[in-house]
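Chains, contacts and geometry: an overview
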Amino acid sequence: MIEQAPSGLSSVVRQGRLRHKASAGVRRFATTGFDNELLAAVDAAAAARVPLALVIPLPAANTPVVLGAAALVAEVVREGRLSVSATVVSRRLSQRANYDQLYIGPDRLADHIPRARLTADGNMETVGSARHDQGGRMLLTSDLGRAAGRGGALVIDGTGGDPGDVEAVVRGGQLVVYVTDNPFDHIIDVIRSAGGVLWAFDPPALARLAGVEGAHYNESGEVLAAPSTLLAAAGAARRAVWAPDTYSSLDGALHDAWTALGNLAAVVKARGADHDTAHGLRWAWGTLATYSLLATTPDHYDRYQSGGPYSTTLREAAGHARAVAGNRSGVAREAWAHVADAFTQLHTAAGAATKLSLVQFWLNALSDDGRRGLVVTRNRVAVSALTAALEESTATRHGWREHVRVVSARDVLCGRVDALPVDTMLVTGPLPRAYASLVAAPPANEAITAVAGAWEASRAVRQIEATLRSLRSLREETRTVSSRRMGVPAAPASVETERDAVTVWRAETALSRAELIATDGSPWVPFSLDVLAIAASTPHGRDDAPDVAPPARANEGAARAHIHAITVTFADDTYLLIGPNDVVYRRRGNESGRMAAKSLLPGDVIALVDSTARRDLFDTVIDALSELPKYAPLAMLIAFWHQRITRVRDRGVTVRQILASMRAGPDPTGITTEAAIGHWLRGLVAGPADPADVRRFAVAVGDRELVQRADAVGRALHTSRVLNRAVGRWLSAQITGARMRNDDAIVDSELGVHIADLLEAVSLHQVATVDPRLTLVTAAAVGVLRTAVAADAPNQAVS
């Protein structure tokens, strides 16, 4: 299988040594001009032994895993052996599934060099089985800290957020290829300062390099890193901003909240920011980002928000801020009180759902000409809320979902949305900086940002223009500095500048810049304090405007910034402050399940997600699997089932009535006891074991919307039950040390998804002691795994 040949990444791809599995069989990759320039830059950096930062403002690009695999194959060809390794650090599940579809010549690459993951203690664990394993490994992990220092190529995926302490890895002298979509990524400067090279693409370069090369294109139909059509669309897209026809109080409320947060950050900066203070500001900024992208009423959004102490409903946001104000003094108290007032004003103004009419106008226009579109909004809660609002509205045309999808910004950027590009894309407001490239180089021929008024229009325009300027500057550095240094030609600059223009429309009138509200400062954040750096010790610490736990907790109808917690210490000398009735996933002997924290005993094992007790284990698994386009609707369908179940429970329909109806008629259920239905209503089980019972239940309770989606919901619940069983087997194997059978470990044989892929963020901890004494602690301190018990535990208490 191994023969000597030119060994660079460009060579192994262009000569067909690295291949992929397509519907028609195993095929070699076609290459675009973009692929060729990209691979040549990576080859040159490797030859020069310097780190490389790649700025690729494209969604859905499989660049990281393809580069890792190409590096493996190049090493195999160069060394004449299969015991080689490479590491790809990425949070995207699609990268793992994509590797299993790659081939080296006629053989599946994973059959010779299997995938591996890192366990919580840093050990390497093979995923699946390789028929011809000779010791080589493709390590795919989301934890850079555990991956650093290992041999072979290291590719780091920075798409959509911070993957870890890249700076420490680069300072340590390890050669890195860092891939980001964001021209504002601070790691670019880290690579530069370490003597590394930048290679960036701006929209004109993407368009110029979109052409497919090679006669084998017709044989394959699939290019290496990104489809030619996506490159062309991102490179030539039109950009516009839409404002409502009349004055909107929401625009003023958003501006007031922006100002209040800026004032709060100034106070925090002057007085010094500890972790809890930074967490509070970070939560407030994330809440404002939710309002900025909100296209429904706040109440509609809250209807789809999961319950629990670690999620924020918009109706509670002002109360949380006011609770924090009550525990501050002087100017800090005043600043937090102003934030609380701003959130109260925002909640009222957003009740008019100002942007919903803009979305509907755009949607109905697509119905007229049959174009395909994307609506991009804040998060999956907002996706569910907006989808339901459009379905329920009489102003939305029937059948709109046949040609339009509602998705989250993160899902687009991280490759979870397939069939791109589309004809047109509408974003429901200005985006956080982590998603800057989404509108500057969109996966559509046209990108529209819906805004609440003149102030928000100005912010949206400045965001787009700033991103385009930054991309253009980085591309110029690539052409004039990096290209000459590396001896790799870069496509020449385009003389076209008119495509950089952003048009602001109100009704059918284009607004001049003079009609917008002039603002100074950053269009991204209302403060200069690096609050994200302060909070970087937490998982996803540098994510821009993330959804984080609120800094207060509702208690007997009022929000409180401090709560009572017990202390759980683990065998590794870490500890957890947690509310007695907060839920944890506990395993005791052969039994496992969700239990109140106060039930824990020494010897129990609990599962934490991202070193916290703030996320449900099975929700984490479902969310991870939903990253793949095949399973994209899974999380929303399961959430929809729970939402419909809650409605039935609130109506007071008895389980006896429901069972009687389900057992009547020509297609009766096989359920014989009321207890089974009671378990659904109380959330004790995921749902019916028989997918057909979803439809029978919907008919029994008169839920027409659930009837329409019953088949899809039934399939989703079936998948959930399969996952639950797989998770149980995995946890048992981790605790006992037994190795799982491959059939038990695999979730999707077609995509090569294993249960371990879905549980990489999960760590297991054995309880050493439980101190049942209640300690008053800050809400921000609860549910987070901590170290140095003796030093830290007293500092969390409040006298």
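Look above for the structure.
Thresholds, definitions, all that
- Residues numbered from 1 in each chain as written.
- Predicted model: local features only at pLDDT ≥ 70, side-chain atom pairs only at ≥ 80, totals over all residues.
- Heavy atoms only, no water.
- Helix = DSSP H or I, 4+ residues; strand = E, 2+ residues; numbered from the N terminus.
- Buried < 20%, exposed > 50% of the residue type's maximum accessible area, 1.4 Å probe, protein only.
- Contact = heavy atoms within 4.5 Å.
- Areas by Shrake-Rupley, 256 points an atom, 1.4 Å probe, with all protein chains shown as cover.
- Axes fitted to C-alpha atoms, helices over the stretch in contact; angles between N-to-C directions.
- Parallel < 35°, antiparallel > 145°, perpendicular 65-115°, else oblique.
- Nonpolar A, V, L, I, M, F, W, Y, C, P; charged D, E, K, R; others polar.
- Phe/Tyr/Trp six-rings, centres within 6.5 Å; stacked < 30°, edge-to-face > 60°.
- Lys NZ or Arg CZ within 6 Å of the ring centre and 35° of its normal.
- Pairing = 2+ DSSP bridges.
- Polar contact = N/O pair within 3.5 Å; in protein donor to acceptor, adjacent residues only side chain to side chain.
- Core = buried A, V, L, I, M, F, W, Y, C linked by side-chain atoms within 4.5 Å.
- Expected span 1.5 Å × (residues − 1).
- Salt bridge = Lys/Arg side-chain N within 4 Å of Asp/Glu carboxyl O.

This brings us to the overall build of the protein. Looking only at helices and strands, the protein has 32 helices and 31 strands in total. Burial statistics for the protein: of 799 residues in total, 56% are counted as buried. The contacts of the protein with a sequence gap of at least 6 include a subset with a gap of at least 24, amounting to 73%. As displayed, the protein offers around 31600 Å² of accessible surface, 50% of which is attributable to carbon and sulfur atoms.

Packed helices, taken two at a time, are described by the angle their axes make and the gap between the axes. Following both chains from N to C, one finds helix 12 (residues 249-271) and helix 21 (residues 454-486) inclined at 60°, their axes separated by 7 Å at the closest point. One element, helix 12, and the other, helix 21, form an angle in the oblique class. Between helix 12 and helix 21, the contacting residues are Asp251, Leu254, His255 and Trp258 on the first element and Ala454, Trp455, Glu456 and Arg459 on the second. Residues belonging to the contact of helix 12 with helix 21 are distributed by class as follows: four nonpolar, one polar and three charged.

The next subject is the packing of aromatic side chains. Across all of its chains, the model carries nine aromatic pairs by this definition. Ring centres of Trp680 and Phe697 lie 5.8 Å apart, and the angle between their planes is 75°; this geometry places the pair in the edge-to-face category. You can see Trp680 sitting in helix 26 (residues 674-681) and its partner Phe697 sitting in helix 27 (residues 692-701), a full 17 residues away along the chain. Residue classification places Trp680 among the buried positions, given a relative accessible area of 5%. Assessed through its relative accessible area of 0%, Phe697 is described here as buried. Ring pairing ties together the aromatic residues Trp258, Trp285 and Trp455, which thus form one cluster. Its guanidinium or amino end placed over the ring of Tyr310, Arg553 lies 5.3 Å from that ring's centre, counting from NZ or CZ. Directly above the ring of Phe640 sits Arg709, whose terminal nitrogen or CZ lies 4.3 Å from the centroid.

Let us look at the pairing of strand 24 (residues 562-570). The buried fraction of strand 24 amounts to eight of the nine residues, a majority that puts the element mostly inside the structure. Taken together, the eight bridges between strand 24 and strand 31 (residues 762-778) define a ladder with antiparallel strand orientation. Residue pairing across strands places His562 opposite Thr778, the latter belonging to strand 31. Where strand 24 meets strand 25 (residues 575-578), four bridges bridge the pair, whose relative direction is antiparallel. From the neighbouring strand, Thr567 faces strand 25, where its bridge partner is Leu577. Connecting the antiparallel pair strand 24 and strand 25 is a turn made up of four residues, with Asp573 showing a positive phi of about 70°.

A few words now on the sheet that holds strand 12 (residues 177-180). Reading across the sheet, the eight strands line up as 9-8-10-5-11-12-4-13 and stay open at both edges, with mixed pairing between neighbours. Whereas interior strands pair on both sides, the edge strands pair on one side only; in this sheet they are strand 9 (124-126) and strand 13 (197-200). The mean inter-strand angle of the sheet, taken between neighbouring strand axes irrespective of direction, is 20°. As paired strands, strand 8 (residues 115-118) and strand 9 are joined by three bridges and run antiparallel to one another. Bridging across to strand 9, Leu118 finds its partner in Met124. Seen against the sheet, helix 3 (residues 63-79) touches strand 4 (52-55), strand 5 (85-89), strand 10 (137-141), strand 11 (153-157) and strand 12 and runs at an angle of roughly 175° to strand 5. Here helix 21 sits on the sheet in contact with strand 4 and strand 13, set at roughly 125° to strand 13.

Note the cis peptide between Leu420 and Pro421, where omega equals 5°. Considering the arrangement of structural elements, one finds Pro421 in the loop between helix 19 (409-413) and strand 18 (424-427). Not every positive phi belongs to a glycine, and Arg49 is a case in point at roughly 60°. Along the chain, Arg49 turns up in the loop between helix 2 (33-48) and strand 4. On the basis of relative accessible area, Arg49 is assigned to the exposed category, the value being 61%. The phi angle at Ser611 is positive, at roughly 60°, despite the residue not being glycine. Its place among the elements puts Ser611 in the loop between strand 28 (605-609) and helix 23 (617-625).

Structurally, the position occupied by Leu198 is in strand 13. The sequence separation of Leu198 and Ala53 amounts to 145 residues, and the corresponding C-alpha distance is 4.8 Å. Non-local contacts of Leu198, meaning those with residues more than four positions away in its chain, are made with Ala53, Val55, Ile188, Arg192, Leu474, Glu477, Thr478 and Ser482.

Here we come to the environment of Asp157. You can see Asp157 is positioned in strand 11. Judged by its relative accessible area of 5%, Asp157 is buried. Between the alpha carbons of Asp157 and Gln95 there is a distance of 9.7 Å; along the sequence they are 62 residues apart. Within the local environment of Asp157, its side chain forms a polar contact with the side chain of Ser90, the two groups lying 2.8 Å apart.

Another point: the nonpolar core. Within the largest apolar cluster, 97 residues are counted, with the highest numbers of intra-cluster contacts made by Phe34, Leu54, Leu58, Leu67, Tyr99, Leu374 and Val376. If one sorts the elements of this core by residue count, helix 3 sits on top with ten residues. Filtering out sequence-adjacent residues up to four positions away, Phe34 remains in contact with Ile56, Leu58, Phe201, Leu206, Leu209, Ala225 and Leu231. Of all hydrophobic cores here, the second largest spans 48 residues; its members include Tyr631, Phe697, Val713 and Leu723.

Moving on, we come to the pairing of strand 18. Both faces of strand 18 are covered, namely the face carrying Thr424 and Leu426 and the face carrying Met425 and Val427. Relative to strand 18, strand 16 (residues 373-377) is paired through four bridges, and the arrangement is parallel. Bridge pairing in strand 18 places Val375 opposite Leu426. Bridge count for strand 18 against strand 19 (residues 446-450) is three bridges, and the pairing is parallel. Bridge pairing links Met425 to Ala447 in strand 19.

Moving on to helix 17 (residues 356-369). One turn of an α-helix holds 3.6 residues; hence residues three or four places apart share an orientation. Relative to the 20 Å expected for 14 residues at 1.5 Å per residue, helix 17 spans 21 Å between its end C-alpha atoms, a close match to the ideal helical length. Of all the residues in helix 17, the buried ones are Leu356, Leu358, Val359, Gln360, Trp362, Leu363, Asn364 and Leu366. Among the structural elements, strand 15 (238-243), strand 16, helix 18 (380-392), strand 17 (404-408), strand 18 and strand 19 are those in contact with the buried residues of helix 17. Looking one or two residues past helix 17, Gly370 carries a phi angle of roughly 75°, positive in sign.

Here we come to helix 2. Over its 16 residues, helix 2 runs 23 Å from end to end, which matches the ideal 22 Å to within 8%, given 1.5 Å per residue. Counting buried residues in helix 2 gives twelve out of 16 residues, a clear majority hidden from the surface. Of all the positions in helix 2, only Gly33, Phe34, Asp35, Asn36, Glu37, Leu38, Leu39, Ala41, Val42, Asp43, Ala44 and Ala45 are classed as buried. Just downstream of helix 2, Arg49 is the residue with a positive phi angle, here 60°.

A word on the pattern of salt bridges. Overall, the coordinates contain 31 salt bridges when judged by the stated rule. Among the salt bridges present, the one from Asp369 reaches Arg371, with a minimum N-O distance of 3.0 Å. You can call Arg371 partly exposed: its relative accessible area is 28%. The salt bridge involving Asp604 is made with Arg588; its shortest N-O contact spans 2.8 Å. You can see Asp604 sitting in the loop between strand 27 (591-596) and strand 28 and its partner Arg588 sitting in strand 26 (residues 583-588), a full 16 residues away along the chain. Relative accessible area serves as the criterion here: at 3%, Asp604 is assigned to the buried category. The network of salt bridges with shared partners includes Asp100, Arg108, Asp111, Arg115 and Arg131.

These results come straight from atomic positions and should not be treated as a statement about function.
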